[in-house]
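Chain by chain, the residues:
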Amino acid sequence: MLPQIATVARRASLSVLLGIAFAASPARAETLVDLADRLHLLADRHWVAEVTGLAWRLHEPVPQPLAQSPLVGSYATVIRDGDIFRAWYRASDPSYRGETASGHPGEITCYAESRDGHEWSFPKLGLFEVAGRRDNNVVLAGQPPFSHNFSPFLDTRPGVTREERYKAIAGHPGHQRQVRTDGLHGFVSADGLRWRKLEGGPILAYDPSWSHAFDSQNSAFWSAAEGCYVCYFRTWAPHAAAGSEAGRKGELRGISRATSADFRTWSQPVAMNANLPGEHLYTSQTHPYFRAPHLYIALPTRYMAGRLGAGKAHSMLGSTDILLMTSQAGSTRFDRPFTEAFLRPGLDPERWASRANYAALNIVPTGPAEMSIYHARSGRRHTLRTDGFVSLRAAAAAGEFRTQPLRFAGSELVLNAGTSAAGSLRVEIQDAAGKPLPGFALADCEELVGDALELPVRWRTGADLAALAGQPVRLRFVLREADLYALRFRTAD
């Protein structure tokens, strides 16, 4: 666990604490936000109103030493299922010698598992004969085009049958445009190893106006927050600022979204319009964040056509990196507070090859205070502090921010935050008009010093926080040499 230092009460006056002038950030439109008792990340900042003297910080995932048995493949998916990490990835039949341009018939889907999320094993399943042998980890073979972008998920819908505990989507338009195969097909499985394709053709059919949709890894999941299945998939879409770096007919690779009550019948797709000028978004890798399923995290691959790293040449000219985006459940847009890369190609020359950077689908917890992102093409695992995508950071001079008017549920406020030895953090609760509430003023708050995923906020007056639940209030935070990553109201133990 991260070290946690006890809360220390100090008697510094407010005038000393805030004895410096700050340039304020632009105020956001006022809206009442219902925080309920859910975790809220600074990566999703719709509940933040005014920021003064603080900096928004995008945290860089830390590459870990390469495993002895790494997870290496294309279009990978990683799921934590209890104490086991399960992974599926695309590979190739080494004995295949036929045509690969249409439907990628030489591709196969393989399976791996791990006990620690770092070292992987590749069980001999005996399900398919590949290269004359069955002692392999193949779970799908000989079914083009479904091994090209086979993307499973663990179905958490209440009442789902054991036979359909795992689901997957796969497929894309073939060159022959066969109506029965064009589009995304559904698959179901009891164990994630033995898969059955749903009958009746694609569950999301190809639309000629999309121009080669689905030809990437697409993601689907059960959304507890929305009460339905959600799918994010690749399309081509016109873009007014596409320019000379766009694809055919001035289009850019983009992302659309659809929903379904039963995984069989889907709504009319809606374009998310997440591209900036000249950007192709090759995948979205959108999934519910494991600690806050009402917030979806996306790690799309950004493809920049015609741009190459030093010394690199490739027939499919262009370089890639990985972005961070978020979307609230039910939204038809992505939030991109940072437009720069989240994961750069870095020093490895191979990651500057065309289409070399794809994050595996899903960010998973791999330790008490650690979560992991897998770069399956290189086999490299990258880690972040839990909830630590984005923070509001204070330097040596104090800074502050105030929330939108909000409602909450619970009797305790806990913060995912960290300070330096000289740093601190305090919280004031105000009424909706911005007036400090009795007992919850900044001077009443015990100073927080330390670093932990859960730092409880206390007020020396002993005022009852539960008495404010359900009322419109604002939170005011004052930080010095500190980072705030997330907050949550909850019922105290």
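Coordinates for the structure precede this section.
What counts, and where the lines are drawn
Residues numbered from 1 in each chain as written. Predicted model: local features only at pLDDT ≥ 70, side-chain atom pairs only at ≥ 80, totals over all residues. Heavy atoms only, no water. Helix = DSSP H or I, 4+ residues; strand = E, 2+ residues; numbered from the N terminus. Buried < 20%, exposed > 50% of the residue type's maximum accessible area, 1.4 Å probe, protein only. Areas by Shrake-Rupley, 256 points an atom, 1.4 Å probe, with all protein chains shown as cover. Phe/Tyr/Trp six-rings, centres within 6.5 Å; stacked < 30°, edge-to-face > 60°. Salt bridge = Lys/Arg side-chain N within 4 Å of Asp/Glu carboxyl O. 1 Å grid on protein atoms, 1.4 Å probe; cavity = no way out; pocket = protein on both sides within 12 Å on 5 of 7 lines; lining within 4 Å. Points joined across faces, edges and corners; volume = space filled by probe spheres on them. Nonpolar A, V, L, I, M, F, W, Y, C, P; charged D, E, K, R; others polar.

**Q** Help me understand the overall build of the chain in this model?
**A** A count of helices and strands for the chain gives 1 helix and 33 strands. Across the 493 residues of the chain, 55% fall into the buried class. Carbon together with sulfur atoms contributes 51% to the accessible area of the chain, which is approximately 20,700 Å² in total.

**Q** Just to check I follow, could you spell out the side chain of Gln404 for this structure?
**A** The residue Gln404 is located in the loop between strand E29 (399-403) and strand E30 (406-408) in this model. A relative accessible area of 1% means that Gln404 is categorised as buried.

**Q** Mind showing me how you'd approach the packing of aromatic side chains here?
**A** Where two aromatic rings form a pair, the distance of their centres and the angle of their planes describe that pair. Here the structure, examined in full by the defined rule, presents 26 aromatic pairs. The interplanar angle of 70 degrees and the centroid separation of 5.8 Å between the aromatic rings of Phe153 and Phe263 together place this pair among those described as edge-to-face. Taken together, the residues Phe153 in strand E10 (residues 151-154) and Phe263 in the loop between strand E17 (251-260) and strand E18 (270-271) connect sequence positions 110 residues apart. Here the two residues Phe153 and Phe263 agree in accessibility, since each one is buried.

**Q** Quick question: what am I supposed to make of the pattern of salt bridges here?
**A** Evaluated as defined, the whole model comprises 24 salt bridges. Across the pair Arg402 and Glu50 runs a salt bridge, and its minimum N-O distance is 3.6 Å. Note that Arg402 is positioned in strand E29 and Glu50 in strand E3 (residues 48-52), a separation of 352 residues in sequence. Arg194 serves as the salt-bridge partner of Asp191, at 2.4 Å between the closest nitrogen and oxygen. What makes Asp191 partly exposed here is its relative accessible area of 26%. Linked by salt bridges that have partners in common, Asp155, Glu164, Lys167, Arg196 and Arg264 make up one network.

**Q** Is there a simple way to explain the layout of surface pockets in this structure?
**A** Considering only enclosed or pocket space, the second largest pocket measures out at about 490 Å³ in volume. Lining the second largest pocket are 24 residues, with Leu154, Thr156, Pro288, Phe290 and Asn362 positioned closest to its centre. Mapped by element, the contributors of at least two residues to the lining of the second largest pocket are strand E6 (74-81), E10, strand E15 (219-223), strand E20 (287-289) and strand E25 (364-367). For the lining of the second largest pocket, the element with the most residues is E15, which contributes 5 residues. Of the residues that constitute the lining of the second largest pocket, the class distribution is 17 nonpolar, 6 polar and 1 charged.

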